[in-house]
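In case you want the letters, here they are:
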Amino acid sequence: MASGEWEVVGASKKKANGAAKSGKQLDASAEVKKGNKQAAQRVYDPKAIEKFKLIDKMADDDEMLFKDSTVSAPKSSKSANKKSAPSKPKTLKDAVSKLNLSELQGLCKTLQSQFNSDPLVWLKDLASFLNLRLNPSIPVDSVYRNEQSSGAPLDYVSLPIREFLVRMVQGCSVPVLAQFHRHCFTSMLHEAMRGLSVHGFALFIQVIGNVCREACVTHAPDYINLREMYETHPRPGLTYVWLMSSTISTAARAKLYRPAVSMWTEGLLPLVTAKQYSALAAQCGKDLARSLDGYQPHVSSTAATGKKGKPSSTEDTRRSSKSQAVVTSGQLIALLDVAYAPSTQIPRNINKILIDVFARFKIVCCNGIESSTVFQQLLPRLVPSCSPALAQQVASVCELCLSSDSGCWDVWLSMLPRHFMQSAKLFKLVGGESRYSSVFSSTRAQAVLQNFEQLSAARLQDNPQARELNREVKKVQSGVASAVSRKKDQQSAERSSGLLRVVCSVVRTVFWVALVVGVVGYTSVCLHAHHANFQSTLLGKMATKFGVSEQVKQGVRVLAEYSTSAYAWGVRGYSDASQVLTPWLVAARERTDALLNALETRFPAVVTSVSGAAAGVQRAALALYHRAFPYACHLYDSFATVLHSDGVTQIVDSVGNATARLSSFLFPENSTRSSV
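Residues numbered from 1 in each chain as written. Predicted model: local features only at pLDDT ≥ 70, side-chain atom pairs only at ≥ 80, totals over all residues. Heavy atoms only, no water.

A. Seen up close, the overall build of the chain. When you go through the chain residue by residue, the secondary structure sums to 29 helices and 0 strands. In the chain, 72% of the contacts between residues at least 6 apart in sequence involve partners at least 24 apart. Working note: accessible area of the chain is about 42400 Å², and carbon and sulfur atoms make up 58% of it. (Helix = DSSP H or I, 4+ residues; strand = E, 2+ residues; numbered from the N terminus. Contact = heavy atoms within 4.5 Å. Areas by Shrake-Rupley, 256 points an atom, 1.4 Å probe, with all protein chains shown as cover.)

Here it is as structure tokens:
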């Protein structure tokens, strides 16, 4: 403006020859003018270039490379790198299929040579390398719900690479694998929090679960403590659920039930109230409960002592098993509060799964060492404000504890003075004729019930709850007595009915055997009587066709002879038995007549009353006959009408035709003569 000319703002400055200056040249000239000692043109750092070459050798994806601000390549070199870069895999399966076994072997050989004394270091490097390579362009679900296989990503790995990874892991000790599993666990959560790929670490989580299952649960308390850090973030939260589910499944397969139950009840159970985690957490609990079906935790008190009552080494086992209870009382009560909460936002299908899991956990916990502790903690919960469903479940747990452990009766007796109301409510809920004999019929239970009655009777005047308890105890005692007597009657009836069933089965068997033998014998006799026409019968034609005609004839003859002799023996035996029994029967009849005559002579009033009663019965029968005769005639007419109907006639004709055909097959000559 000072020279009177307009200047274009933002226009490029020109040299003396009119050429435009670039921004770098302007910066260089400015630095020279300022007296800066650095050169105008930047010099590439050879160490940085070597660093990029090494990283490019480990990963093909340019986006995963670390960028150095001191290095700037020309435009032509960038475009050349973009053209020469390999295409990024789209899916996780494609990324896994591009893994190179020789490359992995070379990398492991290099890492093992550098860190031979510390296998944990090269395992971490190998996991990081795989995590860089398994980076598909299409986002993968954090719990692999959309994958083709439920065991992804390990199911996608080829067999040679899988065997190689297994060999690498098998060469390490259990503590090293436990630390490596913890590293992969925490690294997956950290990378998921940053939005990066986690599939390489997930691959090693699955490999360790197949190789060394004990290493997966070594740091179970640390895994549980990570829940509060990631549950509010959806992506790492889902990753946490997948990690916990995989670890719990691995522990259940290895029968490490205690850490598995702890991880589910303390790590995943609090997440069932969240919509994005509820289905996965509930399904994991369902699988865990299914794996507990064959588990028998109960150690009887008699097993802990020898035959002579001396304590054996099993006492130490019981003492150690108490600290290693699979389902503790706190875990069972936590699940009870979630599954039977008065007001809950959990969906109905998820809540149903939790109820099924609680049913299985209840059996495992109450049949174990924790039964007394569970009873002691649940009895005070039977207050009036308790919901009916929760009260019913508390009563069922207490009933199971009383049935499995006699020590719970002593616990209940010690708690009775402070819990009259809860005890009365427990009696009401546990009562019932079907349960009296199973819960209260033992000797220890009867003794405790007597103490209950005495304690409640002593407080009848000043405590209304004691009066209610006394009434319930008496009701239970009467119910137990009736149940025991009914059980004895049922057992005697079962014994008599069992004998009757045996007799009936024997008679039935004898009847069918006699029927079959009679039919076979009669048929053999008929065939033998018409042996001249045997070849024209159906049996003769079949025997001739198969070439066994003579054998069949011989067999029929033998059967006919045996049948004839058996029939003759039966007739002869009947006549002999009649000759033997007839005198006895005649004598018994004479003695009966003599006895009746004596009674008539000695007790004429009794005979008169009996005769009058007989005459009355006869008159009643005659009156009934006169009244029922018209109805019988009407019924007979209706039955005759039905018999003369077309349908019955057709059935009778069909039966006659079938009989005639059977006779024609057996005896064709006789049927021909009868028709003629």
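Now that the structure has been shown, we can carry on.
B. Molecular detail of a nonpolar patch on the surface. A cluster of nonpolar side chains, Leu-595, Leu-596, Leu-599, Phe-603, Val-606 and Val-610, forms an exposed patch at the surface whose accessible area comes to about 540 Å². Listing elements by their share of the nonpolar patch, those giving two or more residues are helix H26 (549–602) and helix H27 (604–643). For the nonpolar patch, the leading source of residues is H26, giving 3 residues. Position of Val-610 among the secondary structure elements: in helix H27. Given a relative accessible area of 51%, Val-610 falls into the exposed group. (Patch = residues over 30% accessible without salt bridge, like charges linked within 9 Å, V, L, I, M, F, W, Y side chains within 5 Å. Salt bridge = Lys/Arg side-chain N within 4 Å of Asp/Glu carboxyl O. Buried < 20%, exposed > 50% of the residue type's maximum accessible area, 1.4 Å probe, protein only.)

C. Representation of the packing of helix H6 (residues 119–133) against helix H9 (residues 199–211) in the model. H9 packs onto H6 with a crossing angle of 125° between their chain directions and a minimal axis gap of 6 Å. In this view, H6 runs oblique relative to H9, as classed from their interaxial angle. In this structure, H6 uses Leu-126, Ala-127, Ser-128, Leu-130 and Asn-131 to contact H9, whose residues at the interface are His-199, Gly-200, Phe-201, Leu-203 and Phe-204. Its residues assigned to classes, the contact of H6 with H9 shows 6 nonpolar, 4 polar and no charged. (Axes fitted to C-alpha atoms, helices over the stretch in contact; angles between N-to-C directions. Parallel < 35°, antiparallel > 145°, perpendicular 65-115°, else oblique. Nonpolar A, V, L, I, M, F, W, Y, C, P; charged D, E, K, R; others polar.)

D. Local environment of the side chain of Thr-239. Assignment of secondary structure puts Thr-239 in helix H12 (residues 234–253). Not counting the four nearest positions on each side in its chain, Thr-239 is found in contact with Ser-142, Met-188, Leu-189 and Ala-192.

E. Spatial organisation of the packing of aromatic side chains. For the structure shown, the criterion picks out 14 aromatic pairs. Judged by centre distance (6.3 Å) and plane angle (90°), the rings of Phe-185 and Tyr-240 are edge-to-face. Here Phe-185 is found in helix H8 (residues 174–194), whereas its partner Tyr-240 is found in helix H12, with 55 residues between them in sequence. By the burial criterion, Phe-185 is buried, and Tyr-240 matches it. Put simply, the rings of Phe-375, Trp-409, Trp-412, Phe-427, Phe-440 and Phe-452 touch in pairs and so form one group of aromatic residues. (Phe/Tyr/Trp six-rings, centres within 6.5 Å; stacked < 30°, edge-to-face > 60°.)

F. Unusual backbone geometry, seen in detail. Residue Pro-153 is bonded to the preceding Ala-152 through a cis peptide linkage, with omega at 5°. Here Pro-153 shows up in the loop between H6 and helix H7 (159–170). Backbone geometry places Tyr-144, a non-glycine residue, at a positive phi of 55°. Looking at the element boundaries, Tyr-144 is found in the loop between H6 and H7. For Tyr-144, a relative accessible area of 5% gives the class buried. At Lys-255, a position not held by glycine, the phi torsion is positive, near 60°.

G. Structural view of the pattern of salt bridges. In the structure shown here, the tally under the stated rule is 13 salt bridges. Between Arg-194 and Glu-191 there is a salt bridge, with the nearest N and O atoms lying 3.5 Å from each other. You can see Arg-194 and its partner Glu-191 sitting in helix H8, 3 residues apart, about one turn around the helix. Given a relative accessible area of 53%, Arg-194 falls into the exposed group. Under the relative-accessibility criterion, Glu-191 is labelled buried at 14%. Taking the shortest distance from any N to any O, the salt bridge between Asp-293 and Arg-360 comes out at 3.8 Å. Of this pair, Asp-293 sits in the loop between helix H14 (278–291) and helix H15 (314–322) while Arg-360 sits in helix H17 (residues 348–366), and the two are 67 residues apart along the sequence.

H. Local environment of the environment of His-419. Inspection of the secondary structure assignment puts His-419 in the loop between helix H20 (407–415) and helix H21 (420–430). As for His-419 and Gln-465, which are separated by 46 residues in sequence, their C-alpha atoms are 9.1 Å apart. Of the polar contacts made by the side chain of His-419, one reaches the backbone oxygen of Met-415; its length is 2.9 Å. (Polar contact = N/O pair within 3.5 Å; in protein donor to acceptor, adjacent residues only side chain to side chain.)

I. Just the packing of H17 against helix H19 (residues 388–404), in detail. At their nearest, the axes of H17 and H19 sit 9 Å apart, and the two run at 30° to each other. Considered as vectors, H17 and H19 are oriented roughly parallel to each other. In this structure, H17 meets H19 at a crossing whose hand is right-handed. Contacts between H17 and H19 pair Phe-358, Lys-362, Ile-363 and Cys-366 from the former with Gln-393, Ser-396, Val-397, Leu-400, Cys-401 and Ser-404 from the latter. (Left-handed = near helix turned anticlockwise from the far one by under 90°.)

J. Structural context of the environment of His-219. Here His-219 shows up in the loop between H9 and helix H10 (220–225). Since its relative accessible area comes to 14%, His-219 is described here as buried. Residues His-219 and His-181, 38 residues apart in the sequence, show an inter-C-alpha distance of 8.7 Å. Not counting residues up to four positions away in its chain, the partners in contact with His-219 are Ala-178, Gln-179 and Arg-182.

K. Highlighting the confidence of the model for the chain. Per-residue confidence for the chain gives a mean pLDDT of 78, with 77% of residues at or over 70. Counted against residues more than four places away or in other chains, residues 1–83, with its pLDDT under 50, gives 43 contacts. Across residues 671–676 the pLDDT falls below 50, and counting only partners more than four positions away or on other chains, this stretch makes 1 contact in the model. (pLDDT = per-residue confidence, 0-100.)

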